[in-house]
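These are the residues of each chain, in order.
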Amino acid sequence: MATDQNKFQAIISHCKEYGFIFPSSEIYDGLSAVYDYGQYGAELKKNIRDYWWRSMTQMHENIVGIDSAIFMHPTIWKASGHVDNFSDPMIDNKDSNKRYRVDHLIEGYADTLPEAEKTALIGRMEELLKENDFAGLKQLIEEKKITCSVSGTANWTDVRQFNLMFSTQLGSVAEEANEIYLRPETAQGIFVNFLNVQKTGRMKVPFGIAQVGKAFRNEIVARQFVFRMREFEQMEMQFFVRPGTQQEWYAYWKEERMKWHKSLGLNPANLQYHDHVKLAHYADAAVDIEYNFPIGFKEVEGIHSRTDFDLKQHQQYSGKKMQYFDPEINQNYIPYVVETSIGLDRCCLMVLSEAYEEQDLSTPEKADSRVVLKFPVKLAPIKLAILPLTKKDGLPEIAQELMADCKKNFYCYYEEKDSIGKRYRRQDAIGTPYCVTIDHQTKDDGTVTIRHRDSMEQERIPLASVKEFVMKKIAEQGFMHN
């Protein structure tokens with residue numbers, strides 16, 4: 001089995017080779033930290049997105065979904081604090097001109113230390129970040145003699161803040177255009193539609209609004225494949241609650257979201273909570289759900305108690321009341337908010353990391369191995385591969401009939417090229433849980449061989465039962481709430 005760093009590189013290579021994720025604009029030498037999802041990656045991403053959406057909206061009677069625009073009025077970002085506060089502390093190496101995010105630079109050095117020293121160093125860094133002590137951060141970097149990976153020197157500039165929002169022009173003539181921003185998060189589209197949804201949906205507090213959509217951040221140091229990108233997709237839900245109940249709901253969503261991650265088939269040992277040391281300017285509590293990627297435990301989802309900051313800010317800047325009348329207590333108030341925010345791209349990488357396995361299947365007689373993606377059936381891009389043993393004797397016609405019957409219910413794949421063994425290996429590599437082989441016995445008794453991806457065991461079942469067999473396996477995994 002590959003070492004962790006090697007495994008991460010192996011996953012990246014596998015994603016490209018098997019149609020999951022490609023470097024964007026690759027024929028033009030690519031674009032840094034931007035990626036395209038291939039045919040299987042797009043299906044995997046869609047399956048995760050759909051599972052989250054249904055888990056939020058279909059399985060909760062008091063949560064509804066919206067789809068707000070990427071372009072938004074520029075004052076929104078002033079009200080939200082992004083214009084003034086959405087920035088990262090950066091430092092430049094004077095010899096290489098390479099720019100680093102300070103926390104990434106220190107974390108990279110900390111990874112080379114024994115565990116106790118690493119923990120102590122990260123603790124010092126987090127305290128300095130919490131205090132916005134940029135001079136202290138530079139002093140820490142110099143004290144530890146942390147060097148640039150390019151120049152090898154420790155010749156650093158002072159630490160400075162850089163805003164992460166992309167700006168663009170709205171208007172047909174540049175001179176008349178107004179500067180606006182590509183949204184750095186999807187949450188604000190929910191907040192500015194709070195009253196629209198509440199009134200038209202006749203929603204009563206507590207209730208939630210969910211959204212999936214693209215967000216954009218001008219990450220100075222984007223790295224680690226799709227873990228940190230400049231264009232990415234978020235799945236966010238803002239839950240509006242009565243003031244004073246936010247901690248109760250924060251605890252509820254903290255537990256509920258961990259259950260959801262476990263329902264993806266993840267090993268619980270690979271999941272952990274990480275409480276924030278430095279709270280965002282709007283929060284009174286915050287925790288991350290982290291997954292143990294091959295590159296270590298990293299954030300996948302954040303749960304934040306945002307108080308009434310967002311709605312209060314939009315009320316102040318817009319001049320429009322953002323209040324809710326609560327008939328149970330006969331009061332008007334600005335609701336508090338508990339947020340769950342998960343990166344869809346990070347979630348895809350998490351599922352890929354959990355699923356990826358290199359297996360040595362050698363016997364004394366023969367060397368053999370395979371790479372397999374052990375996706376849960378509900379997330380697998382292809383549920384069933386239909387494989388006629390040969391291209392003749394009427395077997396392809398039987399296989400095509402089965403394909404026509406099954407593809408209305410779930411994603412199927414038909415292939416008749418190469419030996420059956422090679423076809424099995426290709427399906428293992430893209431994570432297809434079941435392969436059905438149509439052979440000459442099928443013509444005699446109406447049975448087929450169905451192969452299980454994880455165990456590689458094979459069994460004969462009636463051809464007429466194949467669709468029901470796969471649909472039952474999908475349904476067995478169902479929703480986390482069932």
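What this report covers is the structure whose coordinates are included nearby. Residue numbers run consecutively from 1 along every chain, following the written order of its sequence. The predicted origin of the model limits local features to residues at a pLDDT of at least 70 and limits the giving and counting of side-chain atom pairs to 80 or more, whereas totals for whole chains, interfaces and linings rest on all residues. Only hydrogens and water are removed before side-chain values are computed, so all heavy atoms of the structure are retained for them.

### As for the packing of aromatic side chains
Next, step 1: Under the pairing criterion, centres of Phe, Tyr and Trp rings, with the six-membered ring standing for Trp, must be within 6.5 Å; the plane angle then separates stacked pairs below 30 degrees from edge-to-face pairs above 60, leaving the rest tilted. The tally for this structure, following the rule as stated, stands at 18 aromatic pairs.
Next, step 2: A ring pair is formed by F191 and F240, whose centres lie 6.3 Å apart and whose planes are at 85 degrees; its orientation type is edge-to-face. One end of the pair, F191, is in helix α8 (residues 187-191); the other, F240, is in strand β10 (residues 231-241), and 49 residues separate them in sequence. Considered together, F191 and F240 belong to a single accessibility category, that of buried residues.
Next, step 3: In this structure an aromatic cluster arises from ring pairing among F191, F194, F207 and F240.
Next, step 4: Here the basic side chain of K98 rests over the ring of Y100, its NZ or CZ set 5.2 Å away from the ring centre. Only DSSP runs of H or I with at least four residues qualify as helices, and only runs of E with at least two residues qualify as strands; both kinds are numbered from the N terminus onward. Note on exposure labels: buried denotes an accessible area under 20% of the residue type's maximum, exposed denotes more than 50%, and partly exposed covers the range between, all computed with a 1.4 Å probe on protein chains only. Here, a charge over a ring means that NZ of Lys or CZ of Arg falls within 6 Å of the ring centre while also lying within 35 degrees of the ring normal.

### Here we look at the packing of helix α2 (residues 39-58) against helix α12 (residues 344-355)
Next, step 1: At a minimum axis separation of 10 Å, α2 and α12 run at an interaxial angle of 110 degrees. When the axis of α2 is compared with that of α12, the two are roughly perpendicular. Note on element contacts: α12 touches α2 through L344, D345, C347, C348, V351 and L352, opposite L44, K45, I48 and R49.
Next, step 2: The classification used treats Ala, Val, Leu, Ile, Met, Phe, Trp, Tyr, Cys and Pro as nonpolar, Asp, Glu, Lys and Arg as charged, and all other residues, Gly among them, as polar. Across the contact of α2 with α12, the residue classes tally to seven nonpolar, no polar and three charged. With axes taken as lines fitted to C-alpha atoms, and helix axes fitted only over the stretch in contact, angles between N-to-C directions fall between 0 and 180 degrees. In this scheme, roughly parallel covers angles under 35 degrees and roughly antiparallel covers those over 145, while 65 to 115 is roughly perpendicular and the rest are oblique. In this description, contact between two residues means that some pair of their heavy atoms is separated by no more than 4.5 Å.

### What about the sheet that holds strand β21 (residues 434-438)?
Next, step 1: Strands sit in the order β20-β19-β21-β22-β23 across an open sheet of five strands; the sheet is mixed. Each edge of the open sheet is held by one strand with a lone partner, namely β20 (412-414) and β23 (458-462). Going from strand to strand, the sheet's axes swing by 25 degrees on average, the running direction of each strand aside.
Next, step 2: At least two DSSP bridges between two strands are required for those strands to pair. One ladder, built from four bridges, connects β21 with strand β22 (residues 447-452); its direction is antiparallel. Paired with C435 across the two strands is R451, which belongs to β22.
Next, step 3: The strands touched by helix α14 (residues 420-430) within the sheet are β19 (384-388), β20, β21, β22 and β23, with β19 carrying the most contacts at an inclination of about 170 degrees.

### Remarks on the environment of L361
Next, step 1: Topologically, L361 is positioned in the loop between β17 (356-360) and β18 (369-373).
Next, step 2: The class for L361 is partly exposed, based on a relative accessible area of 23%.
Next, step 3: Setting aside chain neighbours within four positions, we find L361 in contact with D368, S369, R370, R425 and M456.

### Overview of the pattern of salt bridges
Next, step 1: Note on definitions: salt bridges are taken to be side-chain nitrogens of Lys or Arg within 4 Å of carboxyl oxygens of Asp or Glu. Inspection of the entire model under this criterion finds 33 salt bridges.
Next, step 2: K118 serves as the salt-bridge partner of D111, at 3.1 Å between the closest nitrogen and oxygen.
Next, step 3: By relative accessible area, which is 25% here, K118 ends up partly exposed.
Next, step 4: The partner of E415 in a salt bridge is R426, and the shortest N-O contact between them spans 2.8 Å. Separated by eleven residues along the polypeptide, E415 in the loop between β20 and α14 and R426 in helix α14 bring together distant segments of the chain.
Next, step 5: You can call R426 partly exposed: its relative accessible area is 27%.

### Observations concerning the sheet that holds strand β11 (residues 271-275)
Sheets are built from strands paired through backbone hydrogen bonds, the pairs being either parallel or antiparallel.
Next, step 1: Reading across the sheet, the seven strands line up as β3-β9-β10-β16-β13-β12-β11 and stay open at both edges, with mixed pairing between neighbours. At either end of the open sheet lies a strand with only one pairing partner, and these are β3 (63-65) and β11. When the angles between neighbouring strand axes are averaged without regard to direction, this sheet yields 25 degrees.
Next, step 2: Relative to strand β12 (residues 285-293), β11 is paired through five bridges, and the arrangement is antiparallel. Each residue of the ladder has a partner; that of Y273, found in β12, is I289.
Next, step 3: Along the sheet face, α2 touches β3, β9 (207-216), β10 and β16 (336-343) and points at about 160 degrees away from the line of β9.
Next, step 4: In the packing of α12 onto the sheet, the strands contacted are β10, β12, β13 (296-307) and β16, and the crossing angle to β12 comes to about 35 degrees.

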